[in-house]
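# Structural characterization, general
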Amino acid sequence: MNAALGFDTYLVMRHGLKSDDAVNSTPDCSDKSIPGHKLGCYFCNDVTAPGNSQKDRTLDQQCTVTRPGISSIAGGLTVELMVSVLQHPMRGYAPANCVEEPFSEASEEASPLGLVPHSIRGFLAQFQQVLPASHMFSRCIACSDKVLCEYETRGFEFLLQAFNTPDYLEDITGLTQLHKETEAAEIWELSDGDSCEME
Ligand SMILES: [Zn+2]
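Overview of the structure. (Residues numbered from 1 in each chain as written. Predicted model: local features only at pLDDT ≥ 70, side-chain atom pairs only at ≥ 80, totals over all residues. Heavy atoms only, no water.)

## Overview of the environment of Q87
- Tracing the backbone shows Q87 in helix α2 (residues 70-87).
- Residues Q87 and A110, 23 residues apart in the sequence, show an inter-C-alpha distance of 9.5 Å.
- Ignoring any residue separated from it by four or fewer positions in sequence, one finds Q87 in contact with S111, P112 and L113. (Helix = DSSP H or I, 4+ residues; strand = E, 2+ residues; numbered from the N terminus. Contact = heavy atoms within 4.5 Å.)

Here's what the structure looks like:
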């Protein structure tokens with residue numbers, strides 16, 4: 001479970017769980033839901049490794065300035081989401097809805113306490129909340145098979161390398177390569193644009 005705060009926004013989420021047993025015994029993704037063992041973690045939507053978030057940023061970008069109620073709101077929702085996960089028969093493997101539809105107690109996504117969303121994203125400026133669900137990312141710097149395997153086999157030595165070398169996680173997950181490919185694609189796109197203008 002985690003909660004992340006911005007100045008007037010917050011994100012509360014449960015992380016996907018991995019298990020070979022779950023992969024074999026739980027239903028696969030449908031149009032309407034993502035099973036718990038395929039849900040992403042907090043870092044799945046990032047394409048960079050965590051860096052120094054206190055450096056070269058204004059105070060609000062360091063997440064040190066927030067509207068006064070936001071940590072209590074996000075903290076409370078984190079507890080409630082965890083309680084709903086614990087009440088669901090499949091616990092952390094509970095599937096998460098990925099389409100907005102009226103809540104039905106009969107759906108397998110529901111716990112006795114109601115929905116068990118993957119994440120809750122809130123916007124205080126509009127006093128609104130949305131419930132996005134997202135898949136795990138195969139090159140995630142936190143939950144990808146490569147990272148989990150490195151941690152299992154090398155333990156603290158792996159952690160130390162990740163702490164001391166900022167690009168290490170991006171290198172082993174293939175994000176560095178992905179960045180290079182994206183840059184190359186942008187250059188190709190630019191040169192196409194240039195030649196069009198010259199014609
Ligand atoms: Zn992840």
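Structure shown, so let's carry the discussion forward.
## What about the coordination of the zinc ion?
- In this structure, C41 (SG), C44 (SG), C140 (SG) and C143 (SG) serve as the protein donors to the zinc ion, at separations of 2.2 to 2.3 Å.
- Spacing between the donor residues of the zinc ion along their common chain follows C-x2-C-x95-C-x2-C. On the criterion of sequence distance, the pair formed by C44 in the loop between β3 (33-34) and α2 and C140 in the loop between β8 (128-130) and α3 (145-154) is long-range, its members being 96 residues apart.
- On the accessibility criterion, C140 (0% relative accessible area) is buried. (Donors = N, O, S within 2.8 Å, 3.2 Å for Na, K, Ca; no water. Buried < 20%, exposed > 50% of the residue type's maximum accessible area, 1.4 Å probe, protein only.)

## Topic: the side chain of H118
- On the secondary structure map, H118 appears in the loop between β6 (114-115) and β7 (119-123).
- The class for H118 is buried, based on a relative accessible area of 1%.
- At 3.0 Å, the side chain of H118 and the backbone oxygen of G40 are in polar contact.
- A polar contact is formed between the side chain of H118 and the backbone nitrogen of S134, at a distance of 3.1 Å. (Polar contact = N/O pair within 3.5 Å; in protein donor to acceptor, adjacent residues only side chain to side chain.)

## Section: the side chain of S144
- Inspection of the secondary structure assignment puts S144 in the loop between β8 and α3.
- Taking the relative accessible area as the measure of exposure, S144 reaches 1% and is therefore buried.
- From its side chain, S144 meets the backbone oxygen of C140 in a polar contact 2.6 Å long.
- Those residues in contact with S144 that lie beyond four places of it in its chain are K18, F137, S138, R139 and T173.

## What about the environment of A142?
- Along the polypeptide, A142 turns up in the loop between β8 and α3.
- Between the alpha carbons of A142 and G40 there is a distance of 9.9 Å; along the sequence they are 102 residues apart.
- Not counting chain neighbours up to four residues away, the residues in contact with A142 comprise C41, F43, V147 and L148.

## So, the sheet that holds β8
- Across the sheet, which stays open at both edges, the four strands sit in the order β1-β2-β7-β8 with antiparallel pairing between neighbours. Looking at strand neighbours, the two that pair on one side only are β1 (2-5) and β8, the edges of this open sheet. Strand-to-strand twist of the sheet, defined as the mean angle between neighbouring strand axes without regard to direction, takes the value 15 degrees.
- Here β7 pairs with β8 via three bridges, running antiparallel. Paired with R121 across the two strands is V130, which belongs to β8.
- Strands in contact with α2 are β1, β2 (9-13), β7 and β8; relative to β2, the strand with the most contacts, it is inclined by about 15 degrees. (Pairing = 2+ DSSP bridges. Axes fitted to C-alpha atoms, helices over the stretch in contact; angles between N-to-C directions.)

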